[in-house]
2 protein chains.
Amino acid sequence: MKKLINTPESVLTDALAGIAAFHPQLRVDTGNRVIVRADAPRTGKVALVSGGGSGHEPLHGGFVGPGMLDAACPGEVFTSPVPDQILAAAKAVDGGAGVLFVVKNYTGDVMNFQLAAELAADEGITARTVLVDDDVAVQDSTWTAGRRGTGATVFVEKIAGALADRGADLDKVAEMAEKVNSASRSFAIALTACTTPSAGRPGFDLPEDEIEIGVGIHGEPGRSRGKLKPAKELVALAMDAILTDQPLGAGDKTIVMINGLGGTPLIELYVVAAEVAAVLAAQEVRIGASLVGNYVTSLDMAGVSITVCRADDEMLDLWAAPVATSGLRWGS
Amino acid sequence: MKKLINTPESVLTDALAGIAAFHPQLRVDTGNRVIVRADAPRTGKVALVSGGGSGHEPLHGGFVGPGMLDAACPGEVFTSPVPDQILAAAKAVDGGAGVLFVVKNYTGDVMNFQLAAELAADEGITARTVLVDDDVAVQDSTWTAGRRGTGATVFVEKIAGALADRGADLDKVAEMAEKVNSASRSFAIALTACTTPSAGRPGFDLPEDEIEIGVGIHGEPGRSRGKLKPAKELVALAMDAILTDQPLGAGDKTIVMINGLGGTPLIELYVVAAEVAAVLAAQEVRIGASLVGNYVTSLDMAGVSITVCRADDEMLDLWAAPVATSGLRWGS
């Protein structure tokens, strides 16, 4: 294993120190392992809190800031954050209007955010949860009942975050978050396995000419193994899975993310992007907004995930609203 | 070799199609292989043009847009763009105020941009060149006389781009570009070699427990091979090289980039960031602005480069000016 770390045990603590040093607009509570926007709590604003295992950066810490998350709770690599940690985040950001937990659908995450919501209620904080479960590859998986939550998390955090910024109440923000999740579908393909610092070797074995079709963001098995194929054929597989689950037609508008899993060069993501655009154009589906890059990673895994959200004008407008995080940043 | 491509020969063309489809704010001339901001030429504005071999994305195409480059000329992977291509870019963006070529110091790039400048002059376009040569690892290298140009290119393109946006003339923009380059130093460490699509195998052999200290962005040899060490020790090596070449002291302000070479997880870059911050803090050097992520990559190489620019208030002010590119984007 070759990694730029000090020790496998100190990766998260060390990374949090780096985030604190390089992003003065964030407040990092190293003890509780919580990343909070420095101006929290914002009185009267619904606060968004997300979290999950580390190793998917910039998700979630990279999305803390004005227009998106108020706090993130990173667990150890590929390990859920604990309830007390999530509670500490909720307390740090609650401005009296309640807290929305954005939770990817993994059993440990779901359970710990649920416990945190109960602890928060005991302290007088109203917390609602939205589950993200956009991955159409498989029903149930290694750590999941139902569908896994992946790329749509970025869309949920951005769009619901913008609505919270505009002063919507907790019910409205939660409703929008659920709407974005319901409108989104993802599918991922891995060319290589990833290596966690603690394991020190790849999470699964993948022969030199094979790929994992429908892989999860921790390396969970997908639908099948297959031979490496040209990008055009891989995109056809992925888009077929996505569009079979949610058909799109002429005039539909979308937000599309071509997401690198951590070890894939950006130039390859653009090769994939071209093929995705061709599939959508053939159906006269419009790309209203998009991201191409590393947003929900699996450490050093080579591969790509594609996320397509059928977006209405309100969602596109909220997408375009200003955001100022280390992972996603633009002005009005 | 596992890559998300159609064929090794079509990588650049396919990627350009993806850029065109996903970034409507850009105009992609696929024939000439030129990426231009869609509103070019801007009358009276000095135009910035950069380019070089592909494989370093988002450099340079990802930095085309308001506040940064007016055009980029991507060559084939790790291959210089040709003079006619650069000329086409200059013609597409010249608004009568002249063109600044931002050129990384590699012999092929230098020669071809020089030829393009002569061709441009024949067509009545004034082109000036700034050479970027910030890599302190080695003097002369596989494809370079003098120092290699690496991470400082991002600083030059952002800061000179902002000055051009404010209406400065060609001499002033060129002077600022040179000032930024002179104030910047970089050093890179590779954990693995990268694989070009055409070669199909790693560019050099690196044993499982060894690293290349001072590596170039095409895998050129650095100062030495060494055993993999904890991040703290690797950062000490890199920062010693940087600070020996340009000492910094109490109260100095800097722009710092912790740059992933393509295959390194972001969480590891933050581990490195923490160590860099500690070295600078010990010398009472301030981090006035920073980037942590993949900005100047070497395809799928695992590793990191560190770039430190001693920045005055004008440079920091220009750094903070709005920019709207796919690779770097923020509002005022």
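Residues numbered from 1 in each chain as written. Chains lettered and ligands numbered in written order. Predicted model: local features only at pLDDT ≥ 70, side-chain atom pairs only at ≥ 80, totals over all residues. Heavy atoms only, no water.

Asks: In this structure, what is going on with unusual backbone geometry? I would like to understand it.
Replies: Only a minority of non-glycine residues have a phi that is not negative, and only a minority of peptide bonds are not trans. The omega torsion across A40 of chain B and P41 of chain B is -5°, close enough to zero to call that bond cis. Along the chain, L59 of chain B connects to H60 of chain B via a cis peptide bond; the corresponding omega equals -10°. Take H60 of chain B: it is sitting in the loop between β3 (47-54) and β4 (71-77). Positive phi, normally seen in glycine, also occurs at E284 of chain A, with a value near 60°. Mapped onto the elements of the fold, E284 of chain A is located in the loop between α7 (266-282) and β11 (286-293). You can call E284 of chain A exposed: its relative accessible area is 55%. (Helix = DSSP H or I, 4+ residues; strand = E, 2+ residues; numbered from the N terminus. Buried < 20%, exposed > 50% of the residue type's maximum accessible area, 1.4 Å probe, protein only.)

Asks: So what exactly am I meant to see when it comes to the packing of helix α2 (residues 83-93) of chain B against helix α3 (residues 107-122) of chain B here?
Replies: When two helices pack together, you describe them by how their axes are tilted relative to each other and by the distance separating the axes. Residue and element names in this part refer to chain B. At a minimum axis separation of 8 Å, α2 and α3 run at an interaxial angle of 50°. What the angle tells us is that α2 and α3 run oblique. Helix-helix and strand crossings are classified by hand; for α2 and α3 the assignment is right-handed. For the pair formed by α2 and α3, the contact residues are P83, D84, I86 and L87 on the first element and N112, F113, L115, A116, L119 and A120 on the second. (Axes fitted to C-alpha atoms, helices over the stretch in contact; angles between N-to-C directions. Parallel < 35°, antiparallel > 145°, perpendicular 65-115°, else oblique. Left-handed = near helix turned anticlockwise from the far one by under 90°. Contact = heavy atoms within 4.5 Å.)

Asks: Can you walk me through the UniProt feature "domain: DhaK" (unreviewed entry) in chain A in this structure?
Replies: In the numbering used here, UniProt assigns the feature "domain: DhaK" (unreviewed entry) to residues 7-330 of chain A. The span residues 7-330 of chain A carries 33% helix and 24% strand; its end-to-end C-alpha distance comes to 35 Å. (UniProt positions renumbered as here; feature names shortened; annotations may be inferred.)

Asks: Explain the relation of the copies chain A and chain B to me, please; I cannot follow it from the model alone.
Replies: A rotation about an axis combined with a shift along that same axis relates the two copies of the chain. Superposing chain A onto chain B takes a rotation of 180° plus a shift of 0.0 Å along the axis, which leaves an RMSD of 0.0 Å. The superposition operator between the copies reduces to a two-fold rotation axis. With an isologous cut-off of 70% or more, the 100% of interface residues of chain A that recur at the interface of chain B puts this contact in the isologous class. (Least-squares fit on C-alpha atoms with pLDDT ≥ 70 in both.)

Asks: Is there a simple way to think about the pattern of salt bridges in this case?
Replies: Side chains that differ in sign of charge can pair as their charged atoms come close. Enumeration over the complete set of coordinates arrives at 40 salt bridges over all chains. Linking R37 of chain B and D70 of chain B is a salt bridge whose minimum nitrogen-to-oxygen distance equals 3.8 Å. Highlighted residues: R37 of chain B in strand β2 (residues 34-37) and D70 of chain B in the loop between β3 and β4, separated in sequence by 33 residues. Taking the relative accessible area as the measure of exposure, R37 of chain B reaches 3% and is therefore buried. Across the salt bridge formed by E178 of chain B and R128 of chain B, the nearest N and O atoms sit 3.9 Å from each other. Separated by 50 residues along the polypeptide, E178 of chain B in helix α5 (residues 170-182) and R128 of chain B in strand β6 (residues 127-132) bring together distant segments of the chain. Because the salt bridges share partners, they merge into one network encompassing R37, D39, R42, K45 and D70 of chain A. (Salt bridge = Lys/Arg side-chain N within 4 Å of Asp/Glu carboxyl O.)

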